[in-house]
Amino acid sequence: MRLAREIRKKPGVSEMAALMGTPANHEILYQAGLTEDSLDAGPNDLVLAVEADSGALALEAIEDAKVILTQARAAGGEASDFSPSSLAGALAAAPDSNLAMISVPGAYAAKEAMDALRGGLHVFLFSDNVSVDDEVALKREAIDRDLLLMGPDCGTAYIGGVGLGFTNVVKPGRVGCIAASGTGLQAVASQLDALGEGISHGIGVGGRDLSAEVGGLMTLHSLDFLADDPDTEVVVLISKPPDADVLPEIESALKNFDKPHVVCFLGAENPDWAETLEDAGHAAAAILKGESYQPENFFAQAGLRERIASLKPGDALHGAGVLGLFSGGTLAHESRLILEDLLGDVSWNEETGRHRILDLGDDRYTVGKPHPMIDPESRADMLAASAADEHVGVVLFDLMLGRGSSPDPAGPLARAIKEAGGKGRRPVFVASVVGTADDPQGLDAQVGILEDAGVVVLPSNAQAARFAAALVKPELLGVG
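Just so it is clear, the structure is predicted and the values come from calculations on it, not from any experiment.

What counts and what doesn't
Residues numbered from 1 in each chain as written. Predicted model: local features only at pLDDT ≥ 70, side-chain atom pairs only at ≥ 80, totals over all residues. Heavy atoms only, no water. Helix = DSSP H or I, 4+ residues; strand = E, 2+ residues; numbered from the N terminus. Rg over C-alpha atoms; globule rule 2.2 N^0.38 Å. Buried < 20%, exposed > 50% of the residue type's maximum accessible area, 1.4 Å probe, protein only. Contact = heavy atoms within 4.5 Å. Areas by Shrake-Rupley, 256 points an atom, 1.4 Å probe, with all protein chains shown as cover. Lys, Arg positive; Asp, Glu negative; His and termini not counted. Charge placed at Lys NZ, Arg CZ, Asp CG, Glu CD. Pairing = 2+ DSSP bridges. 1 Å grid on protein atoms, 1.4 Å probe; cavity = no way out; pocket = protein on both sides within 12 Å on 5 of 7 lines; lining within 4 Å. Points joined across faces, edges and corners; volume = space filled by probe spheres on them. Nonpolar A, V, L, I, M, F, W, Y, C, P; charged D, E, K, R; others polar. Right-handed = clockwise from strand over helix to strand, strands pointing away. Phe/Tyr/Trp six-rings, centres within 6.5 Å; stacked < 30°, edge-to-face > 60°.

Caption draft 1: A look at the overall build of the chain. Broken down by element type, the chain carries 17 helices and 17 strands. Since a compact globule built from 480 residues should have a radius of gyration of about 23 Å, the 23 Å found for the chain is in line with a globular shape. For the C-alpha atoms alone, the extent of the chain along its principal axes is close to 65 × 65 × 40 Å. Counting the 480 residues in the chain, one finds 50% classified as buried. Of all intrachain contacts in the chain linking residues separated by at least 6 positions in sequence, the fraction that spans at least 24 positions is 72%. Accessible area for the chain stands at about 22,300 Å²; split by element, carbon and sulfur atoms hold 49% of it. With 36 positive and 71 negative side-chain charges, the chain shows a separation of 5 Å between the mean positions of the two kinds.

Here it is in structure tokens:
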């Protein structure tokens, strides 16, 4: 990913991809227009593809990429004395291991995961492109062996308070979370950390677990796991709503679940469940303190009208559009739900519509490019371009901190926003930051960078979405 970023900086180069030669990546390169014919490259081959103003520039960029790769290899120094090439070799070197992290192409991931389960290991399955049939088989195997199968396409988990994948540095604690896997879990974990609480386990079950095909297998198994865990006192469930055929099983399991629990199925219509990720974190913390939690009415809070007036939008934003540019799929989904409730129709990953939410972590935006949590440059370009769209009055976005994310995600975004402001027209930029004081990027420092660029930073994604809505629909203010 760093290689691709460096090559894209070359004059005349518009796109660059560095991918392993798997069949899925062949298709990705073709769909991105980076290849015209089939490639003679296998899964163990590295494919370098460049789009440039001329063939000569493309060939020059590829040669430069080869040099960078050679230099990186030379700088790596001597390899360790033992570098296992198989699961069996790794277990021989570390026989006390009880968890395997698997990140291989989807075509091979199911076999590796099954071997790990049969070897008595919990599995964190980062790989995507695993078939539904394989997912079901893996999860049934894990349940039969009383193990966890986290994923597939699991980006975030915490086991025993230790983060796996993209995680924030949070306190170990008494809250067990079950989530699809990614930014929703990060948001709740960071919220709990800010409230002085921590995570015992955060189990990412994968985005399809609550589908009719998978049937909530790992969600139900994880509830049993956390019920038996002595370090877990409160459980939080985070997801989009389960399939209608799966929901009764989840509700039945929760009815018989002995520990206090909070449910946040974003978009589900149940008054007893948390409406937002922020509410889920606060509700769990309140239970641990022996208190009750009642969400405040955001639009009736003191000082909100004055804060919006200080931005001097006047009537210029009334009826204008909101554009959401998100790196987190769960946060994008939550924002869309909130905005639709307040403003009406909001399009999803579409180029049309007054109000639009784009999940820039979706495959359609990451073909041949790194995820925006890893490399914020492509989103920075979109933030800058938004200033030229006369229909956009508010740009709403998230910022994800933590291990695995860019070392300075706010920097490129802030520079792009400042440049946009220098071109005359400027929308209002509204953001939330998911992170903790102990994250390597520094929560306060990243918030400060955004605010210095004129971004309005709210304490949560839900509050940021509501603030954006109030900017374009001022009649929301002060509603009791």
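Caption draft 2: Region of the structure containing the sheet that holds strand β4 (residues 122-125). Taken in spatial order, the three strands make up an open sheet running β3-β4-β5, and their pairing is parallel. Each having just a single partner strand, β3 (99-102) and β5 (149-150) make up the two edges of the open sheet. With four bridges joining them, β3 and β4 adopt parallel strand pairing. Within the sheet, the bridge partner assigned to Ile102 lies in β4 and is Leu125.

Caption draft 3: Region of interest: the layout of surface pockets. Roughly 710 Å³ of volume is contained in the second largest pocket. What lines the second largest pocket is a set of 27 residues, and nearest its centre among them are Asp279, Tyr293, Gln294, Pro295 and Glu296. Only α10 (277-288), α12 (329-343) and α17 (461-472) provide two or more residues apiece to the lining of the second largest pocket. Per-element tally for the lining of the second largest pocket: the top contributor is α10, with six residues. Among the residues making up the lining of the second largest pocket, the classes are represented as 13 nonpolar, six polar and eight charged.

Caption draft 4: Structural view of the pairing of strand β9 (residues 199-204). Within β9, six of the six residues are buried, leaving the element largely enclosed by the surrounding structure. With six bridges joining them, strand β8 (residues 172-179) and β9 adopt parallel strand pairing. Across the sheet, Ala179 pairs through a bridge with Gly204, a residue of β9. Handedness of the β8-helix α7 (residues 183-194)-β9 crossover: right-handed.

Caption draft 5: Region of interest: empty space enclosed by the protein. Tallying each qualifying case throughout the model produces one cavity of 30 Å³ or more. Volume-wise, the largest cavity comes out at about 30 Å³. Around the largest cavity, the lining residues are Ser327, Pro372, Met373, Pro376, Arg379, Leu399, Met400 and Pro409. Taken together, the residues that form the lining of the largest cavity break down as six nonpolar, one polar and one charged.

Caption draft 6: Fine view of the packing of aromatic side chains. Considering all chains together, one arrives at three aromatic pairs under this definition. Look at Phe298 and Phe299: their rings are 5.4 Å apart centre to centre, the planes differ by 85 degrees, and that puts the pair in the edge-to-face class. On the basis of relative accessibility, which here comes to 11%, the residue Phe299 falls in the buried class.

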